[in-house]
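# Architecture and fold: a report
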Amino acid sequence: MTQLSLGPALESGVNLLHGLTRRRSAVEEARRTAAAWAQAHPRLGAQLVTSPRPGSPVVDYDLLLDHPSGGTIMLGVQAEDGTSWLVDHSTHWAAGYVLTVDGTHVSVSEAMLMLRSLARPGMSPQEELVRFCVLRNAAEQEEVGLADVQAAADGFRRRRGLLGHDTMAEWLDRMGMSAEAFHDHMTMTAKDRRFRARKRAELAPAYLDRHRDRFAQVRAAWVLSDEPVEAAELDGPLAGRWDLRLTRARTWAGELPVPLRELPAGGAAGPVPYEEGFLTGQVVERQEAVADAATLKAAGEAAFEEWLTGAAREAGVTWHWL
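These remarks concern the structure in this document. As the structure is a computational prediction, the values presented were derived from the model and not from experiment. (Residues numbered from 1 in each chain as written. Predicted model: local features only at pLDDT ≥ 70, side-chain atom pairs only at ≥ 80, totals over all residues. Heavy atoms only, no water.)

The next thing to look at is the packing of aromatic side chains. Tallied over the full model, the rule gives eight aromatic pairs. Between F215 and W252, the aromatic rings sit 6.4 Å apart at their centres with planes inclined by 75°, giving edge-to-face as the arrangement. Separated by 37 residues along the polypeptide, F215 in the loop between helix 8 (179-210) and strand 6 (217-225) and W252 in strand 7 (residues 244-252) bring together distant segments of the chain. Overall, the relative accessible area of 3% leaves F215 in the buried class. Overall, W252 belongs to the partly exposed group, its relative accessible area being 21%. Judged by centre distance (5.5 Å) and plane angle (40°), the rings of F304 and W307 are tilted. Note that F304 and W307 are positioned in helix 9 (residues 293-314) at a spacing of three residues, about one turn of the helix. A relative accessible area of 23% places W307 in the partly exposed class. Taken together, the ring pairs connect F156, W171 and F182 into an aromatic cluster. Sitting above the plane of the F156 ring, R160 keeps its charged end 3.8 Å from the centroid. (Phe/Tyr/Trp six-rings, centres within 6.5 Å; stacked < 30°, edge-to-face > 60°. Helix = DSSP H or I, 4+ residues; strand = E, 2+ residues; numbered from the N terminus. Buried < 20%, exposed > 50% of the residue type's maximum accessible area, 1.4 Å probe, protein only. Lys NZ or Arg CZ within 6 Å of the ring centre and 35° of its normal.)

On to the sheet that holds strand 3 (residues 72-76), then. Across the sheet, three strands lie side by side as 1-2-3; this open sheet has antiparallel pairing. Two strands close off the open sheet at either side, each with one partner strand: strand 1 (47-52) and strand 3. With strand direction ignored, the average angle separating the axes of adjacent strands in the sheet is 25°. Pairing of strand 2 (residues 59-66) with strand 3 involves five bridges; the strand directions are antiparallel. Paired with L64 across the two strands is M74, which belongs to strand 3. (Pairing = 2+ DSSP bridges. Axes fitted to C-alpha atoms, helices over the stretch in contact; angles between N-to-C directions.)

Within an α-helix, residues lying three or four positions from one another point in the same direction, as the helix has 3.6 residues per turn. The terminal C-alpha atoms of helix 8 lie 46 Å apart, and with 32 residues this matches the ideal 46 Å at 1.5 Å per residue to within 8%. The sharpest bend along helix 8 measures roughly 40° and falls at A204, with the proline P205 sitting one to four residues further on. (Expected span 1.5 Å × (residues − 1). Bend = angle between axes of the 7 residues up to and from the residue.)

Here it is, written out as structure tokens:
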């Protein structure tokens, strides 16, 4: 779409917003009307955002459009209802939100609580927030009961030492969170747990089939050192040397240092540069992957991480501030 043809489309979008009934009871009708408008303007990628005002039957609407040169245009129409712009927009749908991912909004309070519980090395807060939204979208339809929610709340409180009523009440006050909001958060936590368990079990067998070498069971030994150590020395008295870090492990091949992962039984590698020194190692024993409970659990966790990374990469993300 050219710049010249954008003007009529914007005018049409404003007329669309003017014609929508701003009542909760009319939201579905408004969405159908907006969907028909979007089909008539397919190159705009139009999305109608609805935001019911707390304690009010009034609903605010905004229309998000793809700009031909990149970025997003947000159209909004302020009704002539006698309310000043500053007061009306202090409760605008985006005023308390950090971002929207595939139609799911995250408020500032939710983001603060989520970031307190997730701190992953090498991942930015923005990436964490997007992953949180993707998971919440995916887990929304999971069925959980009061026992599931209570278990999630009990675990949350134990991890943070919030064991007494007064301690919990003080924490809620400090976080600016009501008991109802905490219950809603724990409900989503329970749904998230249920979804993770189901998705991991669903993905594990196929992932294991694709990565059987990664889940071969191995017994290996390796040394990290400041100076090169020959492989033949691994059978000698290395344990007494203070300048070496000797590791002996029985694990999956994918958990070994990279230079050792593909070695056959009896194979050796090194000394090779590794991290800030040198690595020398050998694989003593190697067995083909088996689909036992422990291996399927590990495969499910790796598969879930792969799925989540891909879903977060493909998600439609709108940052409202930052």
